[in-house]
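What follows is each chain in one-letter form.
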Amino acid sequence: MLDADLVHERDYVKGLYTRLDELRAEKRRQLDAVRKAGAIGSMQNVSERDAFAAMYEDRLAQLDAVEDRLVFGRLDLDDGQEQYIGRIGLSTEDLRRLMVDWRAPEASHFYQATAFDRQGVRRRRHLILQGREVKAIEDDVLDAGMLDGATSHQGEGALLAALNSKRTGHMADIVSTIQAEQDRIIRAPLAGALVVQGGPGTGKTAVALHRAAYLLYSHRERLKSAGVLLVGPSSSFMKYIERVLPSLGETGVVMSSVGRLMPGISAVPEADPRVAALKGSSRMVGLIAAAVANRQRVPAGDRILDVEGYRLLLTPRQVRRARDKARSTGKPYNEARNTFVKILLRELTEQLQSKVEASSVGNNADRSYLAEDVRQSRDVRIAVNLCWMPMTPEKLVSELFGKRSILDAVAAGFTPEERDLLRRPADAAWTEADVALLDEAAELLGELDATAGHEAARREAERRRDLENAQQTLNNVNQALREQGLDGVVEAEELVAYQQGGEARLTAAERAVSDRTWAYGHIIVDEAQELSHMQWRMLVRRCPLKSFTIVGDIAQTSAAAGASSWSRALDPFFGDRWALEELTVNYRTPRQIAEAAARMAAAAGLVVSAPKAVREGRWAPVVDRVAAGRDPDGAAVARLVEVFGEELAAADGGLVAVIAAGALAERAREALRGVYGRRVGGGAGSFEQDIVVLDPREAKGLEFDSVVVLEPEEMLDDVHGRVGDLYVAMTRPTQRLRLIATGEVPEGIEREP
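Please read all numbers here as calculations on a predicted model, not as lab measurements.

Cut-offs applied
Residues numbered from 1 in each chain as written. Predicted model: local features only at pLDDT ≥ 70, side-chain atom pairs only at ≥ 80, totals over all residues. Heavy atoms only, no water. Helix = DSSP H or I, 4+ residues; strand = E, 2+ residues; numbered from the N terminus. Buried < 20%, exposed > 50% of the residue type's maximum accessible area, 1.4 Å probe, protein only. Contact = heavy atoms within 4.5 Å. Areas by Shrake-Rupley, 256 points an atom, 1.4 Å probe, with all protein chains shown as cover. Expected span 1.5 Å × (residues − 1). Pairing = 2+ DSSP bridges. Axes fitted to C-alpha atoms, helices over the stretch in contact; angles between N-to-C directions. UniProt positions renumbered as here; feature names shortened; annotations may be inferred. Salt bridge = Lys/Arg side-chain N within 4 Å of Asp/Glu carboxyl O. Phe/Tyr/Trp six-rings, centres within 6.5 Å; stacked < 30°, edge-to-face > 60°. Lys NZ or Arg CZ within 6 Å of the ring centre and 35° of its normal. Core = buried A, V, L, I, M, F, W, Y, C linked by side-chain atoms within 4.5 Å. Parallel < 35°, antiparallel > 145°, perpendicular 65-115°, else oblique. Nonpolar A, V, L, I, M, F, W, Y, C, P; charged D, E, K, R; others polar.

1. Remarks on the overall build of the protein
Inference 1: A tally of regular secondary structure across the protein gives 31 helices and 22 strands.
Inference 2: For the protein, the residues scored as buried account for 50% of the 753 residues in total.
Inference 3: When contacts within the protein are restricted to residue pairs at least 6 apart in sequence, long-range pairs at least 24 apart make up 73% of them.
Inference 4: When the accessible surface of the protein is summed, it comes to about 34200 Å², and 50% of that surface belongs to carbon and sulfur atoms.

Set out below in C-alpha cells:
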C-alpha cells in the first residue's frame, strides 16, 4: 500500500513541477515578447509594455523562488476530495486547481486539524521531497474509521526530521511543519498590536516571517501600497533570515535592523550600556525638544545691521515677537523658520524704506527692490541665522552631544555624570541608540527646505501645467501618428503619466526605504524585548494605525534599555489595545540543554517561561573546567582548540558556533583560524562558513547545530553582561552544548546529584 502511494505521489508531484515549468516558460516568453516590442506606438502602448514587463518579472521571480519543496502536504477530506498544499497556488490552463497556497483559508486545516477536531479532514499526508522527487510520505490519520492494526493515529516524523536537520547559516522556512499554536498566531487579524511571547526555540521568528507572508497574501490590496516593515535586532540576524520570505513567495517586505531605520545612517552598537540606557529613556524626548528650542535664540541686546550703507536696528523685542509668531504656527522647526524670516525681513525692509524715503524727499521712485537688498545683505543673513539657524537632525544631535555649552544649556534635569556620559566627539560614528534620537529630531525639525511641506501641492500644480502643455502638443501630434498608421489617440493624462512613470513604477518597499516619513500598513518586530522607549517611539511613528506583530521573550532581554515587562514597554504607546499570545513548545533545543539553561536562569533570579521541549537530545551539556593559570583567557582558548575537533565530529557537517564575551571572542576566532583557516567566520555576515565565532548579542535569534560557550561566568561579568546573555548563548544549539570555564560555573547549569 505504501509503495503504491509513493508511486502515486511521485507522479502527482512530477505533474506539479511540470506545470511550474510551463508557467515559467510562459512568463519568459511573454517577457521576451514585451522587451522585443521596444518603445514603439503610442505613449499608452509604451506605458502598458513597461507595466506588463514589471508584472512578468515579479511573477517569474516568485515562480523561481518556490522551486525547493514546492509541495509538502495533502489533505484527504470527508467529501472524497484531495487537496495538495504547497508554497503557492497552481491551476491548469482551464483553471482546475492542482495545489492550494498554504496561506489560503482552506489550507489552515493542514495545520490545525486534530483527531479530536478533524475539521472535515480524514488524513493529513506529509510529502518529504529531495529535489523534485518524493523520498518519503508520512500520514496522520485523523478519522478512526481509516485505522487498521498496522496504522497509528499520528506520526511526528516530518517535524522531527526538520528539527534534526543540519543548520546552514541561513534560516529555513517552517511552512511544511507549522504547528497549530503557531498557525493560529500567523493567521490572527491584521488590526491592532499582537504580542507573541515565547521562550527559546519556540519558533517566534519563523512565526513572524510566515505572518508577514500571510498578511501580504490576505490583505494585499491594503498592504501593497503601504508595505510591511520587518525589524530585527542586528545585521547578522537580518542576513540570517533574508531567504525565508522569498521562499514563501514574497519579496516586497522592507527588512531592516534598528540601526538602519534612518535613511543614510548605518549605525554601530552603543559601546557603553550606561549610555545606551540613558539615550533609550523617555527623558530624551524632553532633551531633544529643548535642544530644538535652544536653536531659536533671542540676542542679548540690539544689533546694528548694514544694508547698502544704511544702518538698521534689530532689537531683542523684534526677534522675540517673530519667534513667538513662528512657534504659534505649530509647524516643524525648519518650516516655522520660514515664517520667522519673513516677519523679520518685512520689518527690516520697512525700516530701510523709511530711511531711504527720509533721505530722498520728493523722490517717488519704485522702491520694491529694497526687500531684495535686505534679503541679500550679509549682515542680515548672519543675524537671522544666529537667531534661527537652518538645522538637520545630524547637526542638531552632533552639536548637542559634542558641545558641552549646548548640553549644559538644555539638560537641566540631568546630573553632571549623565552629561559626561552623553558627551561624544562630533565625528564619532552614529550608534544604534542615536538613531531614535535622530528620528525624534527629524520629526521636530521637519525638512531642511521649508517648502518641502508643500511638496504635494507643488506636484499637483506642476501636473496641471504638464497636462495643459501635453494637450497642446497632442493636438498637433495625434494627427501625424494616425497618418503613420499608429494608434493615434493619446490622451494628455497618458503622456503625463508616462513622463512621471519612473517614480510611479517603484514598489512600496523601494520607496519606503528612502523615506523616513513613510507610513507602513503593518510592522513586525522581532526580538522586541531589546527595544528602548525611544526606539518604540520611532517605530510607532512609522505606523500610525498601530498595526503591529511584536515578537520576543522578556527573559532574553540583554540590551541595557530593553524591556523588563511587556506592559512597561508597550502601555505608553498602545494603552490597553494590545493582546498577548504565548508559544509554549520548544522545537529547537533538546530537553537536557533547555532544562540546564532554565535552571541557570532561575538560580540567577531571572523568570523564564521554560517552554516544553519536544525532543530528547543525544548529549547532556558538557562542562569543561580548566585550570586558569596566569592567563585564564589563554587557558580557555587553548582548551577550545584542543576539544574543537570533537564538536565538529558531533556536528557531522553542521554549523558550530563559539560564543564569548568581549575581547575573548576575537582571541578565540584567531586561535581557530590558525587551525581551521577560512572555515572560521565571525560576526555579522559570516554564516557561509561552518565555524562561527560571535558574541551573545550577535547570536540573538540564531541557531546552530553545536555551541561552545567560553567563560560563562565572565559573560555575566562583562561590561555588557546580563543573565539574559548567557541564557541566549546556552539556548542556541539544536544538538549539543559545551561550556568551557576557568573560574566558577554559574549555579544551576550542572544538575545537583
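2. Regarding helix H28 (residues 663–676)
Inference 1: Taking 1.5 Å per residue, 14 residues should reach 20 Å; H28 reaches 20 Å between its end C-alpha atoms and fits that length.
Inference 2: Of the residues flanking the end of H28, it is Gly-677, one or two places downstream, whose phi is positive at about 60°.

3. Structural notes on the sheet that holds strand E21 (residues 704–710)
Adjacent strands of a sheet pair through backbone hydrogen bonds, lying either parallel or antiparallel.
Inference 1: Spatial ordering of the open sheet is given by E17-E22-E21-E18-E20-E19, a layout of six strands whose pairing is parallel. On the outer flanks of this sheet lie strand E17 (622–625) and strand E19 (680–682), each paired with one strand and no other. With direction set aside, neighbouring strand axes in the sheet form an average angle of 20°.
Inference 2: Note that E17 and strand E22 (residues 733–741) share four bridges and pair parallel. What sits directly across from Asp-624, in E22, is Ile-740.

4. Details of the UniProt feature "binding site: ATP" (unreviewed entry) in the protein
Inference 1: If you check UniProt for "binding site: ATP" (unreviewed entry), the listed places come out as Gly-198, Gly-199, Pro-200, Gly-201, Thr-202, Gly-203, Lys-204 and Thr-205 in our numbering.
Inference 2: For Gly-199, the position within the fold is in the loop between strand E7 (193–198) and helix H6 (204–218).
Inference 3: On the basis of relative accessible area, Gly-199 is assigned to the buried category, the value being 0%.
Inference 4: With residues up to four places along the chain from it excluded, the contact list for Gly-199 reads Lys-204, Asp-553, Gln-556, Leu-583, Ser-609 and Pro-611.
Inference 5: Examined against the element boundaries, Gly-203 turns out to sit in the loop between E7 and H6.

5. Topic: the pattern of salt bridges
Inference 1: Applying the stated rule across the entire model yields 63 salt bridges.
Inference 2: The closest approach of N and O atoms between Glu-26 and Lys-27, which form a salt bridge, is 3.4 Å.
Inference 3: Here Glu-26 falls in the partly exposed class, since its relative accessible area comes to 25%.
Inference 4: The buried category is assigned to Lys-27, whose relative accessible area is 15%.
Inference 5: Residue Arg-591 pairs with Glu-616 through a salt bridge whose shortest N-O separation is 2.3 Å. Of this pair, Arg-591 sits in helix H26 (residues 591–603) while Glu-616 sits in the loop between strand E16 (612–613) and E17; the two residues are 25 residues apart in sequence, bridging distant segments of the chain.
Inference 6: Judged by its relative accessible area of 49%, Glu-616 is partly exposed.

6. Overview of the packing of aromatic side chains
Aromatic ring pairs: the centre-centre distance and the angle between the two ring planes describe each pair.
Inference 1: As enumerated under the stated definition, the model contains nine aromatic pairs in all.
Inference 2: Ring centres of Tyr-333 and Trp-388 lie 5.4 Å apart, and the angle between their planes is 40°; on these two criteria the pair is classed as tilted. In this pair, Tyr-333 is assigned in helix H13 (residues 333–359) and Trp-388 in the loop between helix H15 (378–387) and helix H16 (393–402), connecting sequence segments 55 residues apart. In this structure, Tyr-333 and Trp-388 share a single accessibility class: buried.
Inference 3: For the pair Phe-340 and Trp-388, a centre-to-centre distance of 5.0 Å together with 40° between the ring planes defines the contact as tilted. Here Trp-388 lies in the loop between H15 and H16 and Phe-340 lies in helix H13, a separation of 48 residues in the sequence.
Inference 4: An aromatic cluster is built from Phe-72, Phe-110 and Tyr-111, whose rings are joined through pairwise contacts.
Inference 5: A cation over a ring is seen here: Arg-424 above Trp-430, with NZ or CZ 4.5 Å from the ring centre.
Inference 6: Note that Arg-736 overlies the ring of Trp-619, its terminal NZ or CZ placed 5.2 Å from the centroid.

7. What about the nonpolar core?
Inference 1: Formed by 81 residues in total, the largest nonpolar core has its most connected members in Phe-340, Trp-536, Phe-548 and Ile-550.
Inference 2: In contact with Trp-536, other than residues within four places in its own chain, are Val-525, Ala-528, Leu-531, Phe-548, Ile-550, Ala-569, Leu-570 and Phe-573.
Inference 3: Grouped together as the second largest cluster of nonpolar side chains are 75 residues, Ala-208, Met-238, Val-244 and Val-745 included.

8. Describing the packing of helix H11 (residues 283–294) against H16
Packed helices, taken two at a time, are described by the angle their axes make and the gap between the axes.
Inference 1: The geometry of H11 relative to H16 is characterised by a closest axis approach of 11 Å and an angle of 100° between their N-to-C directions. Taken together, the axes of H11 and H16 lie roughly perpendicular to each other. Where H11 approaches H16, its residues Leu-287, Ile-288, Ala-291 and Val-292 are matched on the opposing element by Leu-396, Leu-400 and Phe-401.
Inference 2: Split into classes, the residues belonging to the contact of H11 with H16 amount to seven nonpolar, no polar and no charged.

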